[in-house]
Amino acid sequence: MGAIVRGIGTYYPDNILTNSDLEKMVETTDEWITTRTGIKQRHILPKDSNLKASDFGVAAALKAMAQAGIAADEIDGIICGNINPDKQFPATACFIQAKLGAKHAFAFDITAACAGFVYGANMAALLIDSGQCRNVLVIGAEIISPVLDWTDRNSCILFGDAAGAVVFGVGPKERGVLLSQLKSDGTQSEILYLAGSVGSDSNRSMYMDGKQVFKSAVTVITDIVRSTLQKAGYTTQDLDLLVMHQANVRILSAIADKLGLPPEKMVVNVERFGNTSSASIPLALADAHAQGRLKPGMLVALAAVGGGMSWGCNVMRW
Ligand code: UT7
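As a starting point, this report considers the structure included with it. From a predicted model like this one, the values you see are computed outputs, not experimental measurements.

A few points about the overall build of the chain
Each helix and strand counted, the chain has 10 helices and 13 strands in total. Computed over C-alpha atoms, the radius of gyration of the chain comes to 18 Å, within 12% of the 20 Å expected from 2.2 N^0.38 for 318 residues, which places it in the range of a compact globule. Considered along the principal axes of its C-alpha atoms, the chain spans approximately 55 × 45 × 40 Å. Scored against the burial criterion, the 318 residues of the chain give a buried share of 55%. Here the analysis covers contacts within the chain between residues at least 6 apart in sequence; of these, 76% occur between residues at least 24 apart. Split by element, the accessible area of the chain, about 13,000 Å² in all, is 52% carbon and sulfur.

Points about the nonpolar core
Ranked by internal contacts, the top residues of the largest apolar core, which has 45 residues, are Ile-221, Val-225, Leu-242, Met-244 and Ile-255. Within the residue set of this core, elements represented by two or more residues are β10 (206-208), α7 (210-231), β11 (241-244), α8 (249-259), β12 (299-306) and β13 (310-317). With 8 residues, the single largest contributor to this core is α7. A domain split of this core shows at least three residues from each of domain 1 (2-171) and domain 2 (176-317). Contact partners of Leu-242, with chain neighbours within four places excluded, come to Val-225, Ile-255, Leu-259, Leu-261, Lys-265, Met-266, Val-267, Ala-301 and Ala-303.

Thoughts on the environment of Asp-55
On the secondary structure map, Asp-55 appears in helix α3 (residues 53-68). Along the backbone, Asp-55 and Leu-182 are 127 residues apart, and their C-alpha atoms lie at a distance of 28 Å. Asp-55 has contacts with Asn-50 and Lys-99, leaving out every residue within four places of it along the chain.

A few points about the environment of Ala-102
Topologically, Ala-102 is positioned in the loop between α4 (92-100) and β5 (106-110). Residue class for Ala-102 comes out buried when judged on its relative accessible area of 1%. Discounting chain neighbours no more than four positions away, the residues touching Ala-102 are Ala-72, Ile-75, Ile-78 and Gln-97.

Quick look at the packing of α3 against α4
Where α3 contacts α4, the two axes come as close as 9 Å, and the packing angle between them is 55 degrees. The angle between α3 and α4 falls in the class oblique. Classified by chirality, the crossing of α4 by α3 is right-handed. Across the interface between the two elements, Ala-53, Ser-54, Asp-55, Gly-57, Val-58, Ala-61, Leu-62 and Met-65 of α3 pack against Thr-92, Phe-95, Ile-96, Lys-99 and Leu-100 of α4. Here the residues of the contact of α3 with α4 are counted per class, giving 8 nonpolar, 3 polar and 2 charged.

A short note on the site of the ligand
Neighbouring the ligand are 23 residues; Thr-28, Arg-36, Lys-211, Asn-248 and Asn-275 lie closest to it. Calculation on the ligand without its partners gives an accessible area of 950 Å², and the protein chains cover 76% of this total. Mapped onto the shell around the ligand, the elements with two or more residues apiece are α2 (30-37), α6 (153-156), α7 and α8. Looking at which element gives the most residues to the shell around the ligand, the answer is α7, with 4 residues.

So, the state of the cysteines
Taken as a whole and judged by the stated rule, the model has 0 disulfides. No disulfide involves Cys-133; its sulfur sits 14 Å from that of Cys-94, the nearest cysteine. We note that Cys-313 lacks a disulfide partner, and the nearest cysteine sulfur, in Cys-114, lies 16 Å from it.

Some remarks on the side chain of His-43
By the element assignment, His-43 lies in strand β3 (residues 41-43). With residues near it in sequence (within four places) discarded, His-43 still touches Tyr-12, Pro-13, Asp-14, Asn-15, Ile-16, Gly-160, Asp-161, Arg-272 and Phe-273.

Points about the packing of α7 against α8
Relative orientation of the contacting elements α7 and α8 amounts to 40 degrees, with a least axis distance of 9 Å. Between α7 and α8, the crossing angle belongs to the class labelled oblique. Here the hand of the crossing between α7 and α8 comes out right-handed. In contact with Phe-214, Ala-217, Val-218, Ile-221, Thr-222, Val-225 and Arg-226 of α7, α8 contributes Arg-250, Ile-251, Ala-254, Ile-255, Lys-258 and Leu-259. Partitioning the contact of α7 with α8 into residue classes produces 9 nonpolar, 1 polar and 3 charged.

Notes on the pattern of salt bridges
According to the stated counting rule, one finds 4 salt bridges in the structure shown. The partner of Asp-30 in a salt bridge is Lys-40, and the shortest N-O contact between them spans 3.3 Å. With a gap of 10 residues between them, Asp-30 in helix α2 and Lys-40 in the loop between α2 and β3 connect regions that are remote in the sequence. Residue Arg-272 is joined to Asp-287 by a salt bridge in which the shortest nitrogen-to-oxygen separation is 2.6 Å. In this pair, Arg-272 is assigned in helix α9 (residues 270-273) and Asp-287 in helix α10 (residues 280-290), connecting sequence segments 15 residues apart. Overall, the relative accessible area of 30% leaves Arg-272 in the partly exposed class.

Each value, and the rule that gives it
- In every chain, residue numbers begin from 1 and rise along the written sequence.
- In keeping with the predicted nature of the model, local features appear solely for residues at pLDDT of at least 70, side-chain atom pairs appear and are counted solely at 80 or more, and the whole-chain, interface and lining totals rest on all residues.
- Note that the side-chain values use all heavy atoms of the structure and ignore hydrogens as well as water.
- Helix and strand definitions follow DSSP, with helices as H or I runs of at least four residues and strands as E runs of at least two, each counted in order from the N terminus.
- For the radius of gyration, the atom set is restricted to C-alpha positions; the globular benchmark scales as 2.2 Å times the number of residues to the power 0.38.
- Remark: exposure states derive from per-residue accessible area (1.4 Å probe, protein chains only) relative to the maximum for the residue type, with buried under 20%, exposed over 50%, and partly exposed in between.
- By the convention used here, residues are in contact when the closest approach between their heavy atoms is within 4.5 Å.
- A 1.4 Å probe and the Shrake-Rupley method give the accessible areas. Residues count as covered only by the protein chains that appear here.
- In this text, buried Ala, Val, Leu, Ile, Met, Phe, Trp, Tyr and Cys residues form a nonpolar core when linked through side-chain atoms within 4.5 Å.
- What fixes the domain bounds is an automatic or database domain assignment.
- Comment: axis = line fitted to C-alpha atoms, over the contacting stretch for helices; angle = value between 0 and 180 degrees taken between N-to-C directions.
- An angle below 35 degrees is read as roughly parallel, one above 145 as roughly antiparallel, one from 65 to 115 as roughly perpendicular, and any other as oblique.
- By definition, any crossing whose near helix is turned counterclockwise from its far helix by less than a right angle is left-handed, and any crossing with a clockwise turn is right-handed.
- Residues are sorted three ways: Asp, Glu, Lys and Arg are charged, Ala, Val, Leu, Ile, Met, Phe, Trp, Tyr, Cys and Pro are nonpolar, and all the rest, Gly among them, are polar.
- Throughout, near means a residue has at least one heavy atom within 4 Å of the molecule or strand.
- We call a pair of cysteine sulfur atoms a disulfide whenever their separation is within 2.5 Å.
- Think of a salt bridge as a Lys or Arg side-chain nitrogen and an Asp or Glu carboxyl oxygen that are within 4 Å of each other.

Below, the structure written as structure tokens:
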């Protein structure tokens, strides 16, 4: 059976942090951030808010479920990617399950950082194809701002808080996720990580070697998109839309150039949200859907890379 997208939902806080706001916080300029990253603003959870990653996930999931036309008790599985979970354990997905009242669903988290959504989409496709599940919610729920070093201009300008959710459901074999590939390289774990224990907010902030992440990202994503398409029996020319993790517009452009993809085959919304880790692909899918850029029959690839390093690609027939 094919695992097709039945609904997409997003959530992000109203509070916006612009590049001009950041100029007052660290030594940077709107011009530097715009030209080096493409980011103009990001949504940030206000410091006095009590919302958790699971609350973000629930808000996005409810919209995805409404679009899919399914009730909570029709969900068989909930998979949540995040880098700053509600608690060390149980999984944030379990809190989401409880808040949704999805009493028939199993729930677990994926720790694949920014690649969480493509890992989750792969799992959902396997669960549906095997007949074990009919509806699987894949969620990226990210509250990143509390774990940023707000004195490090190299990293704090990049990230935003948001959630995105997709309901994968049963469809015809020739549609939905056709093939996925996942990869990891733990020897690169030192270039992007968040140390310290969950639940303690002392001295916990993300470390990032931006230059190294940039270089790795361009190489591994270019390779995995090409090879996943090839294994599925296609070339990059056959691709109608590439929906990538939104980290930096220069990474997106470099990959588009290497793959020979024109701008109309790329989805870019990093200027509005910054890097929202595992939420970024569903946020990009939601925009593409709202703009009428996802049409039945299109060949679509999702691709992401993040800390681990972990990366992956899902090739889909929409
Ligand atoms: O989801 C995966 C997570 N992370 C990423 O995808 C990040 C990938 N990396 C990047 O996006 C880019 O490497 C950055 C945006 C982080 C940095 O851009 P870059 O073009 O690689 O800049 P750079 O690190 O080579 O730094 C160039 C200069 C340096 O100054 P000097 O040494 O040339 O004097 C930096 O200190 O820019 C300086 N710089 C800044 N200047 C103004 C670094 N950050 C800033 C800043 N404002 N915010």
